[in-house]
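Listed below, chain by chain, are the residues.
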Amino acid sequence: MFDALTNKLTAVFQKLGGKGHLGEKDVDEALREVRMALLEADVNFRVARDLVARVREKTVGSPLMQGLNPAQHVVKAVNEELTGVLSGGEHRMRPSPKPPTVIMLVGLQGSGKTTTAAKLALHLRRAPGNPQPLLVAADLRRPAAVDQLVALGKQLDIPVYSEAATSTALKVSLNGMEKARQLGSPWVLVDTGGRLHIDEELMAELRAIKEAVSPHELLLVVDAMTGQDAVQAAGEFHKQLGLTGLILSKLDGDARGGAALSITAVTGVPIKFIGTGEKSDALEAFYPDRMASRILGMGDVLTLVERVEQVIDEKRALELEKKLRHASLDLNDMLEQLRAVKKLGSIANVLDMVPGFGAIKKRLPGGDVDEGRLKRVEAIILSMTARERKDPEVLNGSRRKRIAAGSGTTVQDVNQLLNQFREIQKMMKQMSKMQGKGRTPDLSRLLPR
Ligand SMILES: Nc1nc2c(ncn2[C@@H]2O[C@H](COP(=O)(O)OP(=O)(O)O)[C@@H](O)[C@H]2O)c(=O)[nH]1
Ligand SMILES: [Mg+2]
């Protein structure tokens, strides 16, 4: 999602790391490039300028931290400042002590409100005890909007409160709250109407709904692909309605990502979630520090592990995290991963979070993995004995022949899989060397000493 920016920053830091001694000029040169990279990613110019200024303050002329060389010192400062820019206020959503907790979603037309309402409901239901939320279809501006939410509710088995098109958004909201009390719903998510542009009529309607439902969270859904326009819209909505948080949708698109990096710094409103696809499970909780690491090319093992936790049990997820960190994945893990992938969402999405996947993707022929190939890989691994899966090194020619015959594939397919597995293992090893033992990757090891 921030590929271009990540690539540029990595290049800057690599160049910096290649220099033995860092003078003030070297740092300034690097920081100029960092600022250029941020601007090219569509980061608000003031945000970029201030970030670079703070990094400079932290690096030039300030004493080195123990164990860090000058280049690592710079990377560390950039990571901290990026995290700072992405932070600001409460990023979590807390249930109200007096349920239902009411979440009102607002935004321009097409920003992703309705989709996000369903995603969020699904996300909330994943909590222990699977609390069933209620969706309220309070967009009566577009006739199809109610149907869209009703359809999503049906698909996800989440109740939707709706009324005929002759009703009003305000009535639906009020009656929806009543319905939630009847059902004992712990969460109410109110989907509202939008416009192509902010106008007084829309704001008046939203203010009225806000007053009627007293939301604990008033979240603005913004389309990340609209770049700085999204930042501006967020500022306006916040001024008029008083937002408690932002959800950035469509970060899976080829957005340059600058909106994400500027929006909190400019508006003071924290990002709470990001949308990374059209499907209902393509929503991620937002963590500033993880996002900063991701932008700096460190991958995001923690988010990946969280996703995996949703489909496999926690104990397995912990083991997997350990294996990722220690680079001791075997073919059993690969098989389990393949099977989980379908439930996890798109492969590219998941693999983007694995440190170094960008590099793997480039090295693998064809880049993306297709479904047919997935099935073949699954068949091949299933044809192996337990020992072979644990230790692929034992796979000599005759074993490979047997496996190919058993799985209805060719020896070439088997070889390809093993090569691919070795690549992944190698990358994992490199990555695990780069990471510290703590919960967050140790950036200081990004650069050669
Ligand atoms: N790729 C992608 N598409 C999204 C995302 N969120 C929403 N969409 C799409 O954006 C379009 C508008 O979404 P919708 O929820 O109807 O927007 P609304 O008018 O604000 O309610 C739909 O086609 C959605 O599938 C996202 O995170 N990624
Ligand atoms: Mg809608």
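Residues numbered from 1 in each chain as written. Chains lettered and ligands numbered in written order. Predicted model: local features only at pLDDT ≥ 70, side-chain atom pairs only at ≥ 80, totals over all residues. Heavy atoms only, no water.

(A) Structural detail: a nonpolar patch on the surface. On the surface, Met36, Leu39 and Phe45 cluster together to form a nonpolar patch covering roughly 270 Å² of accessible area. Note on placement: Phe45 falls in helix α3 (residues 45-59). Its relative accessible area of 48% is what places Phe45 among the partly exposed residues. (Patch = residues over 30% accessible without salt bridge, like charges linked within 9 Å, V, L, I, M, F, W, Y side chains within 5 Å. Areas by Shrake-Rupley, 256 points an atom, 1.4 Å probe, with all protein chains shown as cover. Salt bridge = Lys/Arg side-chain N within 4 Å of Asp/Glu carboxyl O. Helix = DSSP H or I, 4+ residues; strand = E, 2+ residues; numbered from the N terminus. Buried < 20%, exposed > 50% of the residue type's maximum accessible area, 1.4 Å probe, protein only.)

(B) Broad picture of the site of ligand 1. Lining the immediate environment of ligand 1, one finds 18 residues, of which Gly110, Lys113, Thr114, Thr115 and Asp252 sit closest. Lys119 is positioned with one of its side-chain polar atoms (N or O) 3.2 Å from an oxygen atom of ligand 1. At a separation of 2.7 Å, a nitrogen atom of ligand 1 approaches a polar side-chain atom of Asp252. For ligand 1, whose accessible area on its own is 580 Å², the fraction buried by protein is 81%. (Near = heavy atom within 4 Å. Polar contact = N/O pair within 3.5 Å; in protein donor to acceptor, adjacent residues only side chain to side chain.)

(C) Highlighting the side chain of Asp139. In this structure, Asp139 sits in the loop between β2 (134-138) and α6 (143-156). Looking at Asp139, its side chain comes within polar contact range of the main-chain nitrogen of Arg141, at 2.9 Å. For Asp139, the residues in contact, after removing those within four places along its chain, are Ala145, Val146, Asp191, Thr192 and Gly193. (Contact = heavy atoms within 4.5 Å.)

(D) Molecular detail of unusual backbone geometry. Pro100 follows Pro99 through a cis peptide bond whose omega is 0°. Looking at where Pro100 falls in the secondary structure, it is placed in the loop between α4 (70-86) and β1 (101-106). The backbone phi angle of Asn130 is positive, close to 45°, even though this residue is not glycine. Secondary-structure assignment places Asn130 in the loop between α5 (113-125) and β2. The class for Asn130 is exposed, based on a relative accessible area of 51%. In this model, Ser214 sits at a positive phi of 40°, which is unusual for a non-glycine residue. Judged by relative accessible area, which is 47%, Ser214 ranks as partly exposed.

(E) Inspection of the confidence of the model for the protein chain at higher detail. Averaged over all residues, the pLDDT of the protein chain is 82; the fraction at 70 or higher stands at 79%. Per-residue pLDDT stays below 50 along residues 363-369; that stretch engages in 10 contacts with residues further than four places along the chain or on separate chains. (pLDDT = per-residue confidence, 0-100.)

(F) The arrangement of the sheet that holds strand β6 (residues 245-249) in detail. With mixed pairing, the 8 strands of this open sheet are ordered in space as β3-β2-β4-β1-β5-β6-β7-β8. A strand with exactly one partner marks an edge of an open sheet, and here the two such strands are β3 (160-161) and β8 (283-285). Bridge count for β1 against strand β4 (residues 187-192) is 5 bridges, and the pairing is parallel. Pairing of Met104 across the sheet is with Val190, part of β4. The sheet strands contacting α5 are β1, β2, β4, β5 (217-223), β6, β7 (271-275) and β8, and the helix crosses β4 at an angle near 170°. Its contacts with the sheet put helix α10 (residues 258-267) on β5, β6 and β7, and the angle it makes with β6 is roughly 160°. (Pairing = 2+ DSSP bridges. Axes fitted to C-alpha atoms, helices over the stretch in contact; angles between N-to-C directions.)

(G) Main features of the packing of aromatic side chains. Enumeration over the complete set of coordinates arrives at 0 aromatic pairs. For Arg92, the ring lying beneath its charged end belongs to Tyr287, and the centroid distance is 4.7 Å. (Phe/Tyr/Trp six-rings, centres within 6.5 Å; stacked < 30°, edge-to-face > 60°. Lys NZ or Arg CZ within 6 Å of the ring centre and 35° of its normal.)

(H) Quick look at the nonpolar core. Counting 71 residues, the largest nonpolar core has Phe13, Val106, Phe237, Leu248 and Ile295 as its most contacted members. Counting residues per element, this core draws most heavily on α4, which supplies 8 residues. Residue-level mapping places this core at the junction of two domains, with at least three residues from each of domain 1 (3-86) and domain 2 (101-295). Val106 has contacts with Lys113, Thr192, Leu206, Leu218, Leu219, Leu220, Val221, Phe237, Leu241 and Leu243, leaving out every residue within four places of it along the chain. (Core = buried A, V, L, I, M, F, W, Y, C linked by side-chain atoms within 4.5 Å. Domains from an automatic or database assignment.)

(I) Representation of the environment of Asp199 in the model. For Asp199, the location among the structural elements is in the loop between β4 and α8 (200-213). Within polar-contact distance, the side chain of Asp199 engages the side chain of Arg195 at 2.3 Å. Within polar-contact distance, the side chain of Asp199 engages the backbone nitrogen of Leu202 at 2.8 Å.

(J) Representation of the packing of helix α7 (residues 169-183) against α8 within the structure. One way to put it is that α7 packs onto α8 with a least axis distance of 9 Å and a crossing angle of 20°. Comparing their axes, α8 and α7 come out roughly parallel. In this structure, α7 crosses over α8, and the sense of that crossing is right-handed. From α7, Ala169, Leu170, Ser173, Leu174 and Met177 reach across to α8, where they touch Glu205, Ala208, Ile209, Ala212 and Val213. Class assignment for the residues of the contact of α7 with α8 results in 8 nonpolar, 1 polar and 1 charged. (Parallel < 35°, antiparallel > 145°, perpendicular 65-115°, else oblique. Left-handed = near helix turned anticlockwise from the far one by under 90°. Nonpolar A, V, L, I, M, F, W, Y, C, P; charged D, E, K, R; others polar.)

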